[in-house]
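# Fold and contact review
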Amino acid sequence: MIVCCGEALIDMLPRKLTSGEDVFLPVPGGAIFNTAIALGRLGEDVGFISGISTDMFGTQLVEALNASHVSESYCIRNDQPTTLAFVKLTDGNAKYSFFDEQSAGRNISQQDLPTISADVEALHFGAISLIPEPCGSTYETLLLKQAPSHVISLDPNIRISFIKDAEKHRARIKRMAEASDIIKVSDEDLAWIAETSNERSQIDQWLSVSASIVIITRGGDGADVYTKNYHFNSPAIKTTIVDTVGAGDTFNAGLLSGLKRENLLRKDKLVSIGQDDLEKAVHLANRVASITVSRAGANPPWKHEL
């Protein structure tokens, strides 16, 4: 099983009524939630760890997990409100305003964490769940505890407008990255994390500590993939872009699914992964992401659509 650990929220997507009035449509989302949904639709055995409200939006989130065959057994239910993220789309690119005070997802603590069962092979972390407290520390603790025995995937997915203390967040990302096996960042995220235009120095540093795979996504220019032994670019798949909501999240799911399908989602296998096998997994990631951006919102493809 792959377990995704992080935020579940409601994206309030901008829409127009037939009368021309602007409205918002509540749609289940959150970066880590989207990755879990995509993995479930790709046919993988997947679970999800997050604080989820018992309110009407929390019920909507659980129903969405069930519909995409994601196990909710690790979810932490409470009666605090669901996080809302109001989305503004500009030329297909999404910007977010978050409403997260005292939310069900934000307020989970280390004492709330479930026991990870023996059938879990990998855990995926990232995004806004790593920023606020107490959930940021909770997920960091979980990652560091599980890293010696499980494959760890990390996508920091930086949301600058949501970060109140940049240095504190950079320090957390550094600690978590240095315990991760797979690190995926966008080129913009890498520049923010490293605070330098010298990408390669940060990539080499991650590879020298614990990472077996570092991937830099570059939108239409594809993804640059690095291991200790080789580097290659995986071209983006041409498509008509409706919006980019969930693109990176579904890329993560495609990558993890591609590795899982070839029985490579193990620490010892990742250390020595061959280029052909990794190219195949990254190609699947690009393919899954290309379908997601071709339709509105974070709507990952099902396995039969590939």
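Predicted, not measured: the structure shown is a model, and the values here were computed from it.

## Quick notes on empty space enclosed by the protein
Counting across every chain of the model gives 2 cavities of 30 Å³ or more. In this model, the largest cavity occupies a volume close to 110 Å³. Surrounding the largest cavity, 16 residues form its lining, Glu-7, Thr-83, Asp-100, Gly-105 and Arg-106 being those nearest its centre. Size it by volume and the second largest cavity reaches roughly 50 Å³. Considering the residues around the second largest cavity, the lining is formed by Ser-212, Thr-227, Lys-228, Asn-229, Tyr-230, Val-271, Ser-272 and Ile-273.

## Section: the layout of surface pockets
There is about 330 Å³ of room inside the second largest pocket. Lining the second largest pocket are 18 residues; nearest its centre among them are Arg-106, Ile-131, Pro-132, Phe-162 and Lys-164. At the level of elements, β9 (93–99) and α4 (166–177) are the ones that each hand at least two residues to the lining of the second largest pocket. Sort the elements by how many residues they give to the lining of the second largest pocket and β9 lands first, with 4 residues.

## Some remarks on the pattern of salt bridges
This model, assessed by the stated rule, comprises 19 salt bridges. Residue Asp-204 is joined to Arg-200 by a salt bridge in which the shortest nitrogen-to-oxygen separation is 2.9 Å. Placement of the pair is Asp-204 and Arg-200 together in helix α6 (residues 199–209), with a separation of 4 residues, close to one helical turn. One salt bridge in this structure joins Asp-268 and Arg-266, with 2.7 Å as the shortest N-O distance. Exposure remark for Asp-268: the relative accessible area of 46% places this residue in the partly exposed category. Here the salt bridges do not stand alone but share partners, grouping Glu-133, Glu-140, Lys-168, Arg-172 and Arg-175 into one network.

## Looking at unusual backbone geometry
The step from Glu-133 to Pro-134 runs through a cis peptide bond, and the omega angle for that step is 5°. Along the polypeptide, Pro-134 turns up in the loop between β10 (122–126) and α3 (135–146). Non-glycine residue Gln-102 carries a positive phi angle of around 55°. Among the secondary structure elements, Gln-102 is positioned in the loop between β9 and β10. In this structure, Asn-157 takes a positive phi of about 45° despite not being glycine. Following the sequence through the fold, Asn-157 ends up in the loop between β11 (151–155) and α4. Note on Asn-157: relative accessible area 11%, which makes it buried.

## As for the sheet that holds β10
What the 9 strands build is an open sheet, ordered β6-β4-β1-β10-β11-β12-β13-β14-β15; its pairing is mixed. The outermost strands of the open sheet, each flanked by one partner alone, are β6 (70–71) and β15 (231–234). As paired strands, strand β12 (residues 182–186) and strand β13 (residues 213–217) are joined by 5 bridges and run parallel to one another. Following the sheet pairing, Val-185 is matched in β13 by Ile-216. Of the strands in this sheet, β1 (2–5), β4 (46–49), β10 and β11 are in contact with α3, which crosses β10 at around 150°.

Criteria and thresholds
- Residues numbered from 1 in each chain as written.
- Predicted model: local features only at pLDDT ≥ 70, side-chain atom pairs only at ≥ 80, totals over all residues.
- Heavy atoms only, no water.
- 1 Å grid on protein atoms, 1.4 Å probe; cavity = no way out; pocket = protein on both sides within 12 Å on 5 of 7 lines; lining within 4 Å.
- Points joined across faces, edges and corners; volume = space filled by probe spheres on them.
- Helix = DSSP H or I, 4+ residues; strand = E, 2+ residues; numbered from the N terminus.
- Salt bridge = Lys/Arg side-chain N within 4 Å of Asp/Glu carboxyl O.
- Buried < 20%, exposed > 50% of the residue type's maximum accessible area, 1.4 Å probe, protein only.
- Pairing = 2+ DSSP bridges.
- Contact = heavy atoms within 4.5 Å.
- Axes fitted to C-alpha atoms, helices over the stretch in contact; angles between N-to-C directions.

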